[in-house]
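What follows is the residue order along each chain.
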Amino acid sequence: MRLKFAPLALLVAVLLSACGAQGAAPTQAAAASPNPGTLSPNAGNMAAFTPYASATPRPSATPTPPGTATPLPSPSPTPRQHSVARGEDMGGIAFRYGITLEQLMAANPNVNPSAMSIGTVLLIPAGAKPDAGQPTGIPTLTPVPLEVRPVSCATARDGGAWCFLPVRNTTGAALENLSAVVRLADRASGQILSQTALAPLDRLAPGDELPLVAYFPAPVPADFSAGAELLTAMPVAGEGRYLDAQVAETAVEIADGGLSAQASGVLRLSDSGMDARQAWVAAVAYDAGGNIVGARRWEADAPLPPGGQAAFTVSVYSTGAPIARVALLAQARP
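## A closer look at the layout of surface pockets
Then comes step 1: Here the second largest pocket defines a volume of roughly 530 Å³.
Then comes step 2: In terms of lining, the second largest pocket is formed by 29 residues, of which the most central are R203, L204, A205, D208 and A330.
Then comes step 3: At the level of elements, β9 (203-204), β12 (245-254) and β17 (325-333) are the ones that each hand at least two residues to the lining of the second largest pocket.
Then comes step 4: Per-element accounting of the lining of the second largest pocket gives the leading share, seven residues, to β17.
Then comes step 5: Looking at side-chain class alone, the lining of the second largest pocket contains 15 nonpolar, five polar and nine charged residues.

Right under this line is the structure:
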């Protein structure tokens, strides 16, 4: 089976843009960074993303302390989901929620307004009016309580900033549709920048931790504080949306200096009788203090049969402190 990394493209609205590479791969000379990456809130449409080493790593930014002149406001109200019904189009959906078509398209950049199928899930931006005409049985998005650690940010070589919000699933059920808002506050001017942060996988299993990742394009303030708040996290709805997949025979090589690491192994699919049309492995890099400093996703370019497997190799790069370990998590969808 031929394997490849997903193509990378700039995200609009819930966008990420990759930093410049600085570290060397474990067995190769230093290479230039790939093009900017992108993340999408729509399950199954999220391309790979690659945080890279900062040219001059800086300490992680901390949330604004109480009493400062630059508070980080909470979003209100919480975004919701809308499941497309027969006969609906994006323009009509935008109208019923009191937002513009452009706002709805920006919140769902990977959905083609001219080719939406029944059941397509749209993210309705915060601030939209309640939908009095919404059919019964369509759930709204209410975040599930999770263990959320402080957000950490590092400036990138191109003048932007990468931010990581670690979230751990402390519930007894798998979760999906994870997102958060990350804000940077300029300590000098009080200006606040915000971006949506998304996870490298659609699904977060009980007990697992993933980073929600946001990228702030250049320029970012020279001196900023960072804050974040969970927006969405929902129990996985329905059976058969995900297949059982595990990583095995893993090996991790960390380059001298810890600015990059290479992870390899085998992704194995259980024999459930269903092909996996999508198979992903997320590599999450941690420093010696347990802070997330980088993340990248590998994708198989061909379906896996029931009980099948695929070898993978993925490189991940630090945005700041040296990498001490790399965690690997798998996901497969029919």
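## Overview of the nonpolar core
Then comes step 1: Formed by 39 residues in total, the largest nonpolar core has its most connected members in L178, L184, L210, L212 and F216.
Then comes step 2: Aside from chain neighbours lying at most four places away, what touches L178 is L146, V167, A197, L198, A199, L204, L212, T232 and A233.
Then comes step 3: Core analysis: the second largest hydrophobic core is formed by 23 residues, A263, L269, W298 and A310 among them.

## Here's the deal with the state of the cysteines
Then comes step 1: Tallied over the full model, the rule gives one disulfide.
Then comes step 2: Between the sulfur atoms of C153 and its disulfide partner C163 the distance amounts to 2.1 Å. Taking the sign of the S-S torsion, 110 degrees for the link of C153 and C163, the bridge is right-handed. You can see C153 sitting in strand β5 (residues 152-155) and its partner C163 sitting in strand β6 (residues 161-168), a full ten residues away along the chain. This pair shows no difference in class: C153 is buried, exactly as C163 is.

## A few points about the packing of aromatic side chains
Then comes step 1: Evaluation of the coordinates by the stated rule reveals two aromatic pairs.
Then comes step 2: Where W162 meets Y215, the ring centres are 4.9 Å apart and the plane angle is 50 degrees; that geometry is what we call tilted. Of this pair, W162 sits in strand β6 while Y215 sits in strand β10 (residues 209-216), and the two are 53 residues apart along the sequence.
Then comes step 3: When its relative accessible area of 1% is taken as the criterion, Y215 is described as buried.
Then comes step 4: Residues W298 and F312 carry aromatic rings whose centres are separated by 5.7 Å and whose planes lie at 45 degrees to one another, so their mutual orientation is tilted. Note that W298 is positioned in strand β15 (residues 292-300) and F312 in strand β16 (residues 309-317), a separation of 14 residues in sequence. For the residue pair W298 and F312, the accessibility class agrees, reading buried in each case.
Then comes step 5: Over the face of the ring belonging to Y242 we find R203, whose NZ or CZ atom lies 6.0 Å from the ring centre.
Then comes step 6: Just above the ring of Y286 sits the side chain of R325; from NZ or CZ to the centre is 4.0 Å.

## Some points on the side chain of Q331
Then comes step 1: Topologically, Q331 is positioned in strand β17.
Then comes step 2: On the basis of relative accessibility, which here comes to 3%, the residue Q331 falls in the buried class.
Then comes step 3: Only 3.0 Å separates the side chain of Q331 from the backbone nitrogen of R203, close enough to count as a polar contact.
Then comes step 4: One polar contact links Q331 to Q278, side chain to side chain, over a distance of 2.9 Å.
Then comes step 5: For Q331, the contacting residues outside a window of four places in its chain are L201, D202, R203, Y242, Q278, A279 and W280.

## Overview of the environment of A197
Then comes step 1: Counting through the fold element by element, A197 comes out in strand β8 (residues 192-198).
Then comes step 2: Since its relative accessible area comes to 0%, A197 is described here as buried.
Then comes step 3: Note: C-alpha distance between A197 and V213 (16 residues apart in sequence) is 4.6 Å.

## A closer look at the pattern of salt bridges
Then comes step 1: Going through the model one piece at a time under the given rule, you end up with seven salt bridges.
Then comes step 2: R333 serves as the salt-bridge partner of D202, at 3.4 Å between the closest nitrogen and oxygen. Highlighted residues: D202 in the loop between β8 and β9 and R333 in strand β17, separated in sequence by 131 residues.
Then comes step 3: On the basis of relative accessible area, R333 is assigned to the buried category, the value being 12%.
Then comes step 4: Each member of the salt-bridge network shares a partner with another, and the members are R149, R168 and E209.

## So, the pairing of β8
Then comes step 1: Across seven bridges, strand β7 (residues 175-186) lies against β8 in antiparallel orientation. Each residue of the ladder has a partner; that of A185, found in β8, is I192.
Then comes step 2: Where β7 folds back onto β8 in an antiparallel hairpin, the turn is made up of five residues, including G190, whose phi is positive at roughly 85 degrees.

How each quantity is defined
- Residues numbered from 1 in each chain as written.
- Predicted model: local features only at pLDDT ≥ 70, side-chain atom pairs only at ≥ 80, totals over all residues.
- Heavy atoms only, no water.
- 1 Å grid on protein atoms, 1.4 Å probe; cavity = no way out; pocket = protein on both sides within 12 Å on 5 of 7 lines; lining within 4 Å.
- Points joined across faces, edges and corners; volume = space filled by probe spheres on them.
- Helix = DSSP H or I, 4+ residues; strand = E, 2+ residues; numbered from the N terminus.
- Nonpolar A, V, L, I, M, F, W, Y, C, P; charged D, E, K, R; others polar.
- Core = buried A, V, L, I, M, F, W, Y, C linked by side-chain atoms within 4.5 Å.
- Buried < 20%, exposed > 50% of the residue type's maximum accessible area, 1.4 Å probe, protein only.
- Contact = heavy atoms within 4.5 Å.
- Disulfide = S-S within 2.5 Å.
- Phe/Tyr/Trp six-rings, centres within 6.5 Å; stacked < 30°, edge-to-face > 60°.
- Lys NZ or Arg CZ within 6 Å of the ring centre and 35° of its normal.
- Polar contact = N/O pair within 3.5 Å; in protein donor to acceptor, adjacent residues only side chain to side chain.
- Salt bridge = Lys/Arg side-chain N within 4 Å of Asp/Glu carboxyl O.
- Pairing = 2+ DSSP bridges.

Interpretation in functional terms is not warranted from these geometric data alone.
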